[in-house]
Structure formats: structure tokens, C-alpha cells
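# Descriptive analysis of the structure
Each chain, written out:
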Amino acid sequence: AVAAGSLAIGRQLSLHCTMDDFVPQYLARIGLDRKAHGDLPRTLDTLAAVQLAHLRSIPFENIDVVLRRPIDMSVAAVFDKLVRSKRGGYCFEQNTLLMEALRHLGFKVAPVLARVRWNRPKDMDTLYTHLVLLVTPPTAAAAEAA
């Protein structure tokens, strides 16, 4: 099921991919094919497994940013680039894909803008140029729903 506030519009991601195709193709891309791993319950172990598999399978890549190419941040475009074309992406692309996948796996996920502070003086303000995900633990999400 598509979570409220999902980036996808309707059930059609693109001409060649529906929401029903999204999860199996994503899981295959990160090496967690359901045929080999069975159903993925909404647990912290599943969250950790998906996150680790994503990190190991889809590289950070900012070639389009460096070449000043426009980047389409629609779920369909990100899916086509990172899953179908087997490319990597930068934090906004990576986390858009991961957020959509986690939502389809039943997790409650919210995108959060962040600042990169690495190698910066403590008193230096930086811009919000990074995207991170806030995932509500399954036990907390269940308690909120009750």
C-alpha cells in the first residue's frame, strides 16, 4: 500500500513500472529478492537489512550534479536511474528511492533536510543540502496507531 504523503502519484510510476513492480525490482537490485528471503516483516531487523543492502548495492554518485545536468526527482525517474539503469545517485536520489521502498514495505518514513557539518568549524553555519530519513521504529508506529 502507498503511504499517505508518498511521492508517487497514482499507481503508475512510469510507462513500464507500476507500484506492484516497484518492490520486487528494488529488492532484486539490492540483493534481497523475496524469492530468496521470503516476506520482509516490518521489524528493526528488516529495516537494518534493507538499509545495509541498499548501501552495499547502490553507490553514491554525483556525476549529474558535477556536470550540471538537470535531475528529475520524481520517484519514476529515480527508480529508472538507480534500479533499472543500475546507476548510483546522490543523497536526495538515494533517500527518495529508499524512502519509497520502506513505505511500500510498511514503514513510517519522513524526509528531513540536514546540514553537512564534516570538516567545518563548530560555529560555522552551513546550508541544508543533505536529505536524511526519519524512520519510526515498528513498535512506536504500532503504538501510535493504537
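What you see is a predicted model, and the numbers here were worked out from it, not measured in a lab. Counting starts from 1 at the beginning of each chain's written sequence and moves along it residue by residue. pLDDT decides what is reported in this predicted model: residues at 70 or higher carry local features, side-chain atom pairs at 80 or more are listed and counted, and totals for whole chains, interfaces and linings draw on all residues regardless. Here the side-chain values reflect all heavy atoms present in the structure, with hydrogen atoms and water set aside.

### Examining the environment of Ala114
Keep this limit in mind: Only DSSP runs of H or I reaching four residues or more are called helices, and only runs of E reaching two or more are called strands; each is numbered from the N terminus. Here, residues are in contact when the closest pair of their heavy atoms is within 4.5 Å.
Counting through the fold element by element, Ala114 comes out in strand 3 (residues 108-115). When neighbours within four sequence positions are excluded, Ala114 is seen to be in contact with Leu127, Tyr128, Thr129, His130 and Val132.

### Looking at the pattern of salt bridges
This is how it is decided: When a carboxyl oxygen of Asp or Glu lies within 4 Å of a side-chain nitrogen of Lys or Arg, that pair is called a salt bridge. The rule is simple: take the accessible area with a 1.4 Å probe, protein chains only, and divide by the maximum for that residue type; under 20% is buried, over 50% is exposed, in between is partly exposed.
Enumeration over the complete set of coordinates arrives at 7 salt bridges. Of the charged contacts, one joins Glu61 and Arg87 as a salt bridge, the two residues approaching to 2.3 Å between their closest N and O atoms. You can see Glu61 sitting in the loop between helix 3 (44-57) and helix 4 (63-66) and its partner Arg87 sitting in the loop between helix 5 (75-84) and helix 6 (91-104), a full 26 residues away along the chain. Arg87 gets classed as partly exposed once you look at its relative accessible area, which sits at 28%. A single network of salt bridges, built from pairs that share partners, joins Glu61, Asp64, Arg69, Lys81, Arg87 and Glu93.

### What to know about helix 5
By the criterion of burial, helix 5 is predominantly enclosed, with 7 of the 10 residues buried. Turning to helix 5, its buried residues are Val75, Ala76, Val78, Phe79, Lys81, Leu82 and Val83. Looking one or two residues past helix 5, Lys86 carries a phi angle of roughly 55°, positive in sign.

### A word on the packing of aromatic side chains
Heads up, the rule is: Centres within 6.5 Å are what make two rings of Phe, Tyr or Trp a pair, Trp counting through its six-membered ring; a difference in plane orientation under 30 degrees is then read as stacked, over 60 as edge-to-face, and the rest as tilted.
This model, assessed by the stated rule, comprises 3 aromatic pairs. An aromatic cluster of three or more residues is present, and its members are Phe22, Tyr26 and Phe79.

### Here's the deal with the confidence of the model for the chain
As a reminder of what qualifies: Note: pLDDT gives the predictor's confidence per residue, expressed from 0 to 100.
Overall, the prediction assigns the chain a mean pLDDT of 83, with 80% of residues at 70 or greater. Contacts from residues 1-12, a stretch scored under 50 in pLDDT, to residues over four places away or in other chains number 23 contacts.

### Brief notes about the packing of helix 3 against helix 6
Rules: Axis geometry follows a simple rule: fit a line to the C-alpha atoms, using only the stretch in contact for helices, then measure angles between N-to-C directions, giving values from 0 to 180 degrees. Here the word oblique covers every angle except those under 35 degrees (roughly parallel), over 145 (roughly antiparallel) and from 65 to 115 (roughly perpendicular). Here a crossing is taken to be left-handed if its near helix is turned anticlockwise relative to the far helix by less than a right angle, and right-handed if that turn runs clockwise. Under this grouping Gly is polar, as are all residues other than the nonpolar Ala, Val, Leu, Ile, Met, Phe, Trp, Tyr, Cys and Pro and the charged Asp, Glu, Lys and Arg.
Remark: helix 3 packs on helix 6, axes separated minimally by 12 Å, with the N-to-C direction vectors making an angle of 150°. Here helix 3 is positioned roughly antiparallel relative to helix 6, judged by the angle of their axes. The chirality of how helix 3 crosses helix 6 is right-handed. The residues of helix 6 that touch helix 3, namely those facing Leu47, Val50 and His54, are Gln94, Leu97, Leu98 and Leu102. Of the residues in the contact of helix 3 with helix 6, the class split is 5 nonpolar, 2 polar and no charged.

### Focus on helix 3
Residues three or four positions apart in an α-helix share a direction because the helix packs 3.6 residues into each turn. Selection criterion: Each residue after the first adds 1.5 Å to the expected span of a helix. The reported arc concerns the directions from the helix axis to the C-beta atoms and nothing else.
The end-to-end C-alpha distance of helix 3, which contains 14 residues, comes to 20 Å, matching closely the 20 Å that a straight helix rising 1.5 Å per residue would cover. Every buried residue belonging to helix 3 is among Thr46, Leu47, Val50, Ala53 and His54, and all of these are buried. With its buried residues spanning 140° around the axis, helix 3 presents them on a single face. Structural note: helix 3 exposes Leu44, Asp45, Leu55 and Arg56 on the side pointing more than 90 degrees away from its buried face.

### A closer look at the side chain of His104
Short version of the rule: Here a polar contact is taken to be a pair of N or O atoms separated by no more than 3.5 Å, where protein atoms must pair a possible hydrogen donor with a possible acceptor and residues adjacent in sequence count only if both atoms sit in side chains.
Inspection of the secondary structure puts His104 in helix 6. In this structure His104 comes out as buried when scored by relative accessible area, which is 13%. One polar contact links His104 to Glu100, side chain to side chain, over a distance of 3.0 Å.

### Overview of the packing of helix 5 against helix 6
Running from N to C, helix 5 and helix 6 cross one another at 105°; their axes reach a closest spacing of 10 Å. On the basis of their axis angle, the class for helix 5 and helix 6 is roughly perpendicular. Residues Val75, Val78, Phe79, Lys81, Leu82 and Val83 of helix 5 lie in contact with helix 6, whose contacting residues are Glu93, Gln94, Thr96, Leu97 and Glu100. Considering only residue class, the contact of helix 5 with helix 6 consists of 6 nonpolar, 2 polar and 3 charged.

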